[in-house]
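Spelled out from the first residue to the last, the chains are:
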Amino acid sequence: MTQARYEICVNCIMDTSDSGITFDARGWCDYCNNFERNIRPHWHPDAVGERIIGKQIEAIRRDGRGRDHDCLIGISGGADSSYLAYVAKARFGLRPLLYHVDAGWNSQQSANNVEKIVDGLGLDLHTEVIDWLEMQDLQLAFFKAQVPHLDTPQDHAIFGGLYNFAAQRGFKYILTGANFATECVKDPIEWHYHATDLRQLKDIHRRFGTRPLTTFPLVDIFTYKLYYRFVKGVRVVKPLDYVPYRKETAVQELVDKFGWQRYAHKHYESRFTRFYEGYWLPTKFGIDKRRAHFSSLILSGQMTRVEALQKIAQRAYDEATIAEDFEYIATKLDLSVAELKALMHGPNKSFRDYRNSLTLIDLGARVLRLAGVERRVVR
Ligand SMILES: [Zn+2]
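Described below are features of the structure shown in this document.

Conventions and cut-offs
Here the residue numbering is sequential within each chain, running from 1 through the sequence in written order. In keeping with the model being predicted, local features are shown solely for residues with a pLDDT of at least 70 and side-chain atom pairs are shown and tallied solely at 80 or more, while totals for entire chains, interfaces and linings include all residues. The basis for the side-chain values is all heavy atoms of the structure; hydrogens and waters are excluded. Counting from the N terminus, the helices are the DSSP runs of H or I reaching at least four residues and the strands are the DSSP runs of E reaching at least two. The globule rule is 2.2 Å times the number of residues to the power 0.38, and the radius of gyration it is compared with is taken over C-alpha atoms. Relative accessibility under 20% of the residue-type maximum defines a buried residue, over 50% an exposed one, and the middle range a partly exposed one, all with a 1.4 Å probe and only protein chains included. Here the Shrake-Rupley method, with its probe set to 1.4 Å, supplies the accessible areas, and only the displayed protein chains count as covering residues. By the counting rule applied here, Lys and Arg register as positive and Asp and Glu as negative, while His and the ends of each chain are not counted. One atom stands in for each charge, and that atom is NZ of Lys, CZ of Arg, CG of Asp or CD of Glu. Any two strands are treated as partners once DSSP identifies two or more bridges connecting them. Axes, fitted as lines to C-alpha atoms, cover a helix only where it is in contact. Angles between the N-to-C directions of the axes lie from 0 to 180 degrees. Contacts are assigned to residue pairs with any non-hydrogen atoms lying within 4.5 Å of each other. For a helix, the expected span equals 1.5 Å multiplied by the residue count minus one. Picture the helix axis, draw a direction to every C-beta atom, and the arc is the one those directions span. Residue types Ala, Val, Leu, Ile, Met, Phe, Trp, Tyr and Cys, when buried and joined through side-chain atoms within 4.5 Å, form a set referred to as a nonpolar core. By convention, a crossover is right-handed whenever its connection, traced from the first strand over the helix to the second and viewed with the strands pointing away, goes clockwise. Sites may look incomplete because water is not among the atoms; the donors themselves are N, O and S atoms within 2.8 Å of the metal, or within 3.2 Å for Na, K and Ca. Between 65 and 115 degrees an angle is taken as roughly perpendicular, under 35 as roughly parallel, over 145 as roughly antiparallel, and anywhere else as oblique. Definitions for this section: a left-handed crossing has its near helix turned counterclockwise from the far helix by less than a right angle. A right-handed crossing has that turn clockwise.

Describing the overall build of the protein
Assigned secondary structure in the protein consists of 16 helices and 5 strands. Whereas a compact globule of 379 residues would reach a radius of gyration of roughly 21 Å, the protein reaches 20 Å, a difference of no more than 12%. The buried share among the 379 residues of the protein stands at 52%. Carbon and sulfur atoms make up 51% of the accessible area of the protein, which totals about 17500 Å². Taken as two groups, the 52 positive and 47 negative side-chain charges of the protein have centres that lie 5 Å from each other.

Here it is as structure tokens:
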């Protein structure tokens, strides 16, 4: 879909680069309206939230008695998950096992940050190393599929690894760093299709992959949302929504307490994500994910709209780093720079060009909402 006319929300900075965006008579977009209607009334980073999360923490501690660890936390080395590990141990007195996926793209900085959190908090760490040849094959398949959601292989490995591990090892609680404060404006589905739609992943891999995925951690969205949740009893807790979580303050706390190093931007702990979000997506698809992130910060009162507009006008990336990363990514994928450039200039596709379970996923989400299991309405 191409938009006939450019329009930008008057409240946040989401615009018609999201082809599905709608505006009300005031010029507010549907993300802003969703936030006011469905998120803000249920979001309590205050005394109310403290009581709610307090009860959950109590249950986690109780259920975890006699076990080495009472919960599992996926840690990427990014700010949200690092801060979550800190809050879980230092504030809530939990005994988490940290779970880290090495999908081959971690920057040295993120590896250092994970180490600093593990050592600083005295926690145990389990690292899952993804077979690189399988990861490379799947990653390359997504490049060849010409879709915008190139981060699916990495995201899927992280999710799949974490959920499968929890179910196998009998963990009843997974704590995630997902939060409204920095993520209340979700990436539009055209920008970032569900990484756990196994049907889509398999279809793209069947068409463009060459190597069977024998050890790669695969999980279907229905498996973890239904089977793991209701049969295996694995619950997902999002503590950062119940405590005051301001990005800048949190990052500063991590720097001061653990010598943690800040990243230039959210998700830049992965060298692939930096290249992909900072360069590939804006250049090839006209998608700038900072737009959704900054809009989240506007809605949660952590950035002004003027500041966001100024920041988004600057490129996320400088020329020298682009050239360096372009070569790095090509080499990792066993391509020449010219081959990667050819992929870059190929015809753009969307998740809709491949098999997917979107209808079923939407239906499932509606059922879970009606059943009161999931409250939030995403757009
Ligand atoms: Zn808006």
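Considerations on the sheet that holds strand S2 (residues 96–102)
Read from one edge of the open sheet, 5 strands run S3-S2-S1-S4-S5, paired in parallel fashion. Each edge of the sheet is formed by a strand with only one pairing partner; in this case those strands are strand S3 (124–129) and strand S5 (235–237). Taking the axes of each pair of neighbouring strands and ignoring which way they run, one obtains an average angle of 30° across the sheet. Pairing analysis gives 2 bridges linking strand S1 (residues 71–74) to strand S4 (residues 173–175), with the strands arranged parallel. Paired with Ile 73 across the bridge in S4 is Leu 175. Across the face of the sheet, helix H3 (residues 79–91) comes into contact with S1, S2 and S4 while running at roughly 155° to S1. Against the sheet, helix H6 (residues 152–168) engages S1, S2, S3, S4 and S5, with an angle of about 140° to S2.

Some remarks on helix H4 (residues 108–121)
The terminal C-alpha atoms of H4 lie 20 Å apart, and with 14 residues this matches the ideal 20 Å at 1.5 Å per residue to within 8%. Buried within H4 are the following residues: Ser 110, Asn 113, Val 114, Ile 117, Val 118 and Leu 121. In a view along the axis of H4, the buried residues occupy a sector of 130°, so they form one face of it. Turned more than 90 degrees away from the buried face of H4 sit Gln 108 and Asp 119, all of them exposed. Structurally, H4 contributes buried residues whose contacts are with H3, S2, S3 and helix H10 (247–258). Among the residues trailing H4, Gly 122 stands out with phi positive, at a value near 65°.

Brief notes about the nonpolar core
Ranked by internal contacts, the top residues of the largest apolar core, which has 110 residues, are Met 14, Ile 117, Phe 143, Leu 175, Trp 280 and Leu 340. Among all residues touching Leu 340, those that are not within four sequence positions of it are Phe 143, Phe 275, Trp 280, Phe 326, Ile 329, Ala 330 and Leu 335. Counting 7 residues, the second largest nonpolar core, distinct from the first, contains Ile 13, Phe 294, Met 303 and Ala 308.

Regarding the pairing of S3
Relative to S3, S2 runs parallel, the two being bridged by 6 bridges. Counted as the bridge partner of Val 101 is Glu 128 from S3. With H4 bridging S2 and the parallel S3, this β-α-β connection has right-handed handedness.

Description of the coordination of the zinc ion
Coordination sphere of the zinc ion, protein contribution only: Cys 9 (SG), Cys 12 (SG), Cys 29 (SG) and Cys 32 (SG), at 2.3 Å. Each donor residue of the zinc ion lies on the same chain, and together they follow the pattern C-x2-C-x16-C-x2-C. Of this pair, Cys 12 sits in the segment before helix H1 (30–39) while Cys 29 is found in the segment before H1, placing the two residues 17 residues apart along the sequence. Each member of the pair, Cys 12 together with Cys 29, is buried.

Comments concerning the packing of helix H11 (residues 271–285) against helix H14 (residues 319–332)
Any two packed helices are characterised by how steeply their axes cross, that is the angle between the axes, and by the distance between the axes. Closest axis-to-axis distance for the H11/H14 pair is 10 Å, and the angle between their directions is 125°. The angle between the axes of H11 and H14 places the two elements in the oblique class. Relative to H14, the crossing made by H11 is left-handed. Between H11 and H14, the residues in contact are Arg 271, Phe 272, Arg 274, Phe 275 and Tyr 279 and Thr 321, Ile 322, Glu 324, Asp 325, Phe 326, Tyr 328 and Ile 329, respectively.

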